[in-house]
Amino acid sequence: METTIREYLSSDYNDCIEAFKSNVPDYFASKEVQDFENFLERIEKGKDNVRFFVVQYNQKVIGCGGFADMNDDSLFALAWGLIHKDFHGRGFGEKLLQHRIEQIRQINPEFSLIIDTTQYVKGFFEKHGFRTTKVTNDYYTIGMHRHDMILQF
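The rules behind each value
Residues numbered from 1 in each chain as written. Predicted model: local features only at pLDDT ≥ 70, side-chain atom pairs only at ≥ 80, totals over all residues. Heavy atoms only, no water. Pairing = 2+ DSSP bridges. Helix = DSSP H or I, 4+ residues; strand = E, 2+ residues; numbered from the N terminus. Axes fitted to C-alpha atoms, helices over the stretch in contact; angles between N-to-C directions. Contact = heavy atoms within 4.5 Å. Phe/Tyr/Trp six-rings, centres within 6.5 Å; stacked < 30°, edge-to-face > 60°. Buried < 20%, exposed > 50% of the residue type's maximum accessible area, 1.4 Å probe, protein only. Lys NZ or Arg CZ within 6 Å of the ring centre and 35° of its normal. Core = buried A, V, L, I, M, F, W, Y, C linked by side-chain atoms within 4.5 Å.

(A) View of the sheet that holds strand 3 (residues 60-69). One open sheet holds the seven strands; their spatial order is 1-2-3-4-5-7-6, and the pairing between them is mixed. If you trace the sheet from one side to the other, it starts and ends with strand 1 (3-7) and strand 6 (131-141), each paired once. Between one strand axis and the next, the sheet turns by 25° as a mean value, whatever way the strands run. The pairing of strand 1 with strand 2 (residues 50-57) spans five bridges and is classified as antiparallel. Along strand 2, the bridge assignment pairs I5 with V55. Sheet contacts for helix 3 (residues 92-107): strand 1, strand 2, strand 3, strand 4 (75-83), strand 5 (112-118) and strand 7 (144-152); angle to strand 4, the most-contacted strand, approximately 155°.

Listed below in structure tokens is the structure:
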């Protein structure tokens, strides 16, 4: 079973949307589907300063995620990292996170990495050294709280 991580292509759009929707409403609010679609469309038009990747398992796209340089090469933000729900708990999310960290490390080995996520995913990031800096209750939708987190190298 082969896993690869590569740059996002416009032909990956439908698979990424499918993976995203598989995580609604457990990990993303339904109103975020449109936000994610808009995000992918902006990437395809080169309008966002984001490096975006897909995770392929047996040549099928099962997840995606990227990062953005926050304009000083020392602060980066993770963007829309997700794995299709059918493939949770099998290490794909960890591989995607490590890939993004390694890509950032090539730009600057001493950096800070921020993310906003929910209470349902914060444990995953804590396991990898992130710490919560702020919590905003009901940010994404009622009962889905935003956790701003940071990892520093």
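Picking up where we left off.
(B) Fine view of the packing of aromatic side chains. All told, the structure shown has 19 aromatic pairs when counted by the stated rule. Ring geometry for F125 and F130: centres 5.2 Å apart, planes at 75°, overall edge-to-face. With a relative accessible area of 4%, F130 lands in the buried category. Among the aromatic side chains, those forming a connected cluster through ring pairs are Y8, F20, F28, F36, F39, F52 and W80. The side chain of R105 reaches across the aromatic face of F153, ending 4.7 Å from its centre. Taking the ring centre of Y139 as reference, the NZ or CZ of R146 above it sits at 4.8 Å.

(C) Geometry of unusual backbone geometry. The omega torsion across V24 and P25 is 5°, close enough to zero to call that bond cis. Within the fold, P25 resides in the loop between helix 1 (13-21) and helix 2 (32-44). Positive phi outside glycine occurs at N58, with the angle close to 50°. If you trace the backbone, N58 turns up in the loop between strand 2 and strand 3. The residue Q59 is not glycine, and still its phi comes out positive at about 70°. If you trace the backbone, Q59 turns up in the loop between strand 2 and strand 3.

(D) Summary view of the nonpolar core. Within the largest apolar cluster, 21 residues are counted, with the highest numbers of intra-cluster contacts made by L78, F92, L113, F125 and F130. Broken down by secondary-structure element, the contributors of at least two residues to this core are strand 2, strand 3, strand 4, helix 3, strand 5 and strand 7. Ranked by residue count, the leading element in this core is helix 3, at five residues. Discounting chain neighbours no more than four positions away, the residues touching L78 are G66, F67, L97, R100, L113, I114, I115, F125 and F130.

(E) Quick look at the environment of E126. In this structure, E126 sits in helix 4 (residues 122-127). Judged by relative accessible area, E126 falls into the partly exposed class, the value being 37%. Along the sequence, E126 and I150 sit 24 residues apart, while their C-alpha atoms lie 9.5 Å from each other. Not counting residues up to four positions away in its chain, the partners in contact with E126 are T132 and M149.

Bear in mind that shape data such as this cannot, by itself, settle questions of function.
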